[in-house]
Amino acid sequence: MSALATRTGAINLGQGFPDEDGPAEVLEAARQAIADGVNQYPPGMGMPVLREAIAAHQQRWYGIELDAASEVLVTAGATEALAATILAFVDTGDEVVTFEPYYDAYAAMIARAGGVHRTVPLRFPEWRPDPDELRAAVNDRTRVILVNSPHNPTGAVLDAETLALIVELAERHDAIIVTDEVYEHLTFGAAHTPIATLPGARERTISISSGGKTFATTGWKIGWLTAPAPLVTAVLAVKQYLTYVNGAPFQPAIATGLGLPDAVFMDAAATLSAKRDLLAAGLVTAGFTISLPHAGYFIVADAAPLGYSDGATLCRELPERAGVVGVPVSAFVHPERHAAYSSLVRFAFCKRRDVLEEASGRLAALSAG
C-alpha cells in the first residue's frame, strides 16, 4: 500500500511511520555518537549504556528490577526480538496463541518455526477477547502465548482481568508468555500494565519493546527484550545468527531518549491523542463507523456504511477516489476469518496535523458520492 501511495501521489495513511522527527536530544545524541566514532560492531547483547538505560526504564516506569548484564538484550527492532524468540522456543508442532487481528509478522514467524498458530478473536468495535475463547485456545501443546498490548492494529489495551487470565493459563499449561509492548508509552487514558509485573508472570515472561514508536525513529530499528537470564541466553543463541548486532550510534541515542523526563513521554502521547481525534472526526464525516483506539498509531474504520463490504476493494480504489491510502484489516487475520473483518480498514494517524487535515478533507468526498 505504501508503494501504491507513492505511485499515485495519495496520502499514505497505510504504513505506520511518523512524518515528523522525534526529540531533538535523541537525534543529537546519534549525531554525536557518529562524530565520536561509534560506528563499528557493538557488543552482541547491545551496548552497556543502552542495556543499563533499558533496565532503569523498566524500574522507573513499572518497578521491574533487572540485571542489565544478563536480563536485557538489544535487537534490530522489536520484530527481530520477536523472530529470535519464536525461533528459539517454538519447534515443529508447538502451538502459539495470539489475538486476532495480529501484527502480520507473527503468522510468518510462527510458520517459519514450524509452529501452529492459534488465535483468539478480537471483535469490532470493543476489541475485547472472550475469556472462554481464550481458555479454549490454550492447552498443553501451547508453547508460547504472544500478547500484543497496546494492540496493533486495533489500538486496544488489554484489561487487568484478561492479563491475569493469560498468566493463569500460562502457569497451568507451562507456556512462555511473550509480550509485544512497542506502543507502551503511546496510550490515551488507558494505562499500560506489563504482564511481567503480575504475580507468577516474571519467571516465564519475555517482554519486548523498542525506541522506534516512542521516539519517532522507526528507521533506526533499535529494539530490546527483557527476561530472566536463561530465557535471554536462549534467544541470544538465535539472534547472533540473524543480525548479530546493529545500529551502533543509535544505541546510545535511544539510551538518551529513555532517560528523558516524564513530560516528554506524556507530551508525545497527548500530541498523538489529538491527532487521533482529528482523523477520527474526518472518518466519521466521511461516513465510516469507527472504533476509537486507546493506544498506538491506528484507527480501524468500518466501510460498510459507505456500501463497501470488502475493505480490500475500497483500499484499492481509495487512491483514485479520495487520494488516500489505508490498509484492509483482513491483511491481519487468517484467510478463514476474513469474513468477520472484511469491511474494516486501518488508517494511521501518526502524521503531521496538516497531512491529517488534508486527508480528512479528501475522505469527505466519499460521503459526497
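The name given to the protein chain in an unreviewed UniProt entry is Aminotransferase, and the organism recorded there is Agromyces badenianii. The UniProt entry for the protein chain carries the following text under Cofactor (unreviewed entry): "pyridoxal 5'-phosphate". What UniProt records for the protein chain under Sequence similarities (unreviewed entry) is the sentence "Belongs to the class-I pyridoxal-phosphate-dependent aminotransferase family."

Participant: Sorry if this is basic, but what is going on with the sheet that holds strand 2 (residues 72-76) here?
Facilitator: Sheets are built from strands that pair by backbone hydrogen bonding, the pairs being arranged parallel or antiparallel. Here we have 7 strands laid out as an open sheet, ordered 2-8-7-6-5-3-4, and mixed in their pairing. Only two strands of the sheet have a single neighbouring strand rather than two, namely strand 2 and strand 4 (116-121). If you compare each strand with its neighbour and ignore which way they point, the axes differ by 25 degrees on average. By the bridge criterion, 5 bridges tie strand 5 (residues 142-148) to strand 6 (residues 176-180) in an arrangement that is parallel. The partner of Val 147 across the bridge, within strand 6, is Thr 179. Packing against the sheet, helix 7 (residues 160-173) makes contact with strand 3 (95-100), strand 5 and strand 6, and its axis sits at approximately 165 degrees to strand 5.

Participant: Explain unusual backbone geometry to me, please; I cannot follow it from the model alone.
Facilitator: Glycine aside, a negative phi is what most residues show, and trans is what most peptide bonds show. The amide bond that connects Phe 124 to the next residue, Pro 125, takes the cis arrangement and shows omega of 5 degrees. By the element assignment, Pro 125 lies in the loop between strand 4 and helix 6 (131-137). Geometrically, the link from Asn 152 to Pro 153 is a cis peptide bond, its omega value of 15 degrees lying close to zero. One can find Pro 153 in the loop between strand 5 and helix 7. Despite not being glycine, Trp 127 shows a phi value in the positive range, around 60 degrees. Tracing the backbone shows Trp 127 in the loop between strand 4 and helix 6. Phi at Asp 174 takes a positive value of approximately 55 degrees, unusual for a residue other than glycine. Residue position: Asp 174 is located in the loop between helix 7 and strand 6.

Participant: Help me understand the side chain of Thr 85 in this model?
Facilitator: Structurally, Thr 85 can be placed in helix 4 (residues 77-89). Polar contacts involving the side chain of Thr 85 include one to the main-chain carbonyl oxygen of Ala 81, which spans 2.7 Å. Beyond its immediate chain neighbours, meaning those up to four positions away, Thr 85 contacts Val 178, Ile 206, Ile 208, Leu 225 and Val 235.

Participant: Honestly, the UniProt feature "domain: Aminotransferase class I/classII large" (unreviewed entry) in the protein chain in this entry has me stumped. Any pointers?
Facilitator: This chain's UniProt record puts "domain: Aminotransferase class I/classII large" (unreviewed entry) on residues 10-350. A helix fraction of 38% and a strand fraction of 17% characterise residues 10-350, whose end C-alpha atoms lie 16 Å from each other.

Participant: Which parts of the structure should I look at to understand the pairing of strand 10 (residues 298-302)?
Facilitator: Most of strand 10 sits out of view: 5 of its 5 residues are buried. Going residue by residue along strand 10, you find Phe 298, Val 300 and Asp 302 tucked away on one face and Ile 299 and Ala 301 tucked away on the opposite face as well. Here strand 9 (residues 289-291) folds back onto strand 10 in antiparallel fashion, the turn holding 6 residues, of which Gly 296 has a positive phi close to 90 degrees. Across 5 bridges, strand 10 lies against strand 13 (residues 344-348) in antiparallel orientation. Note that in strand 13 the partner of Ile 299 across the bridge is Phe 347.

Participant: Got a minute to help me understand the sheet that holds strand 9 in this structure?
Facilitator: Here 4 strands make up an open sheet; going across it, the order is 9-10-13-12 and the pairing antiparallel. Because the sheet does not close on itself, it has two edges, and the strands there are strand 9 and strand 12 (327-328). Summarising the sheet, strand 9 and strand 10 pair through 3 bridges and their orientation is antiparallel. Across the sheet, Thr 289 pairs through a bridge with Asp 302, a residue of strand 10.

Participant: Mind showing me how you'd approach the domain arrangement of the protein chain here?
Facilitator: How big an interface is tends to be stated in terms of the accessible area lost upon association of its parts. Domain annotation of the protein chain identifies domain 1 (1-21 + 263-364) and domain 2 (24-259). When each unit is reduced to the centre of its C-alpha atoms, the spacing between domain 1 and domain 2 is 25 Å. Opposite the 32 residues of domain 1 that make contact, domain 2 presents 35 residues. Buried area between domain 1 and domain 2, summed over both chains or domains, comes out near 2800 Å², and the portion from carbon and sulfur atoms is 66%. Summed over the three residues of domain 1 that lose the most area to domain 2, namely Phe 265, His 294 and Phe 332, the buried surface amounts to 25% of that side. Linking domain 1 to domain 2 there are 1 salt bridge. Close ionic contact of Arg 337 with Glu 100 constitutes a salt bridge, the shortest N to O distance being 2.4 Å. Listing elements by their share of the side of domain 1 that touches domain 2, those giving two or more residues are helix 10 (262-286), strand 9, strand 10 and strand 13. Among the elements that line the side of domain 1 that touches domain 2, the one with the most residues is helix 10, at 6 residues.

What counts as what
- Throughout this description, residue numbers start from 1 for each chain and increase along the sequence as written.
- Given that this is a predicted model, residues contribute local features only at a pLDDT of at least 70 and side-chain atom pairs are listed and counted only at 80 or more, while totals for whole chains, interfaces and linings are drawn from all residues.
- Hydrogens and water molecules were not included; the side-chain quantities draw on all heavy atoms of the structure.
- UniProt positions are given in the numbering used here, feature names are shortened, and annotations may be inferred rather than shown by experiment.
- Here the rule is simple: two strands pair whenever DSSP picks up at least two bridges between them.
- To qualify as a helix, a DSSP run of H or I must reach at least 4 residues; to qualify as a strand, a run of E must reach at least 2; elements of each kind are numbered from the N terminus.
- The axes used here are C-alpha line fits, helices contributing only the stretch in contact, and every angle between their N-to-C directions lies in the interval 0 to 180 degrees.
- Contact between two residues is taken to exist if any of their heavy atoms lie within 4.5 Å; hydrogens are not considered.
- Polar contact is defined as a pair of N or O atoms within 3.5 Å, subject to the rule that within protein one atom must be able to donate a hydrogen and the other to accept it, and that residues adjacent in sequence are counted only when both atoms are side-chain atoms.
- Only protein chains enter the accessibility calculation, which uses a 1.4 Å probe. A residue is then buried if its area is under 20% of the maximum for its type, exposed if over 50%, and partly exposed in between.
- Each domain's limits were defined by an automated method or a database of domain assignments.
- As a working definition, buried area equals the accessible area (1.4 Å probe) given up by two parts on being put together, with both sides summed.
- Salt-bridge detection follows one rule: a side-chain nitrogen of Lys or Arg within 4 Å of a carboxyl oxygen of Asp or Glu.

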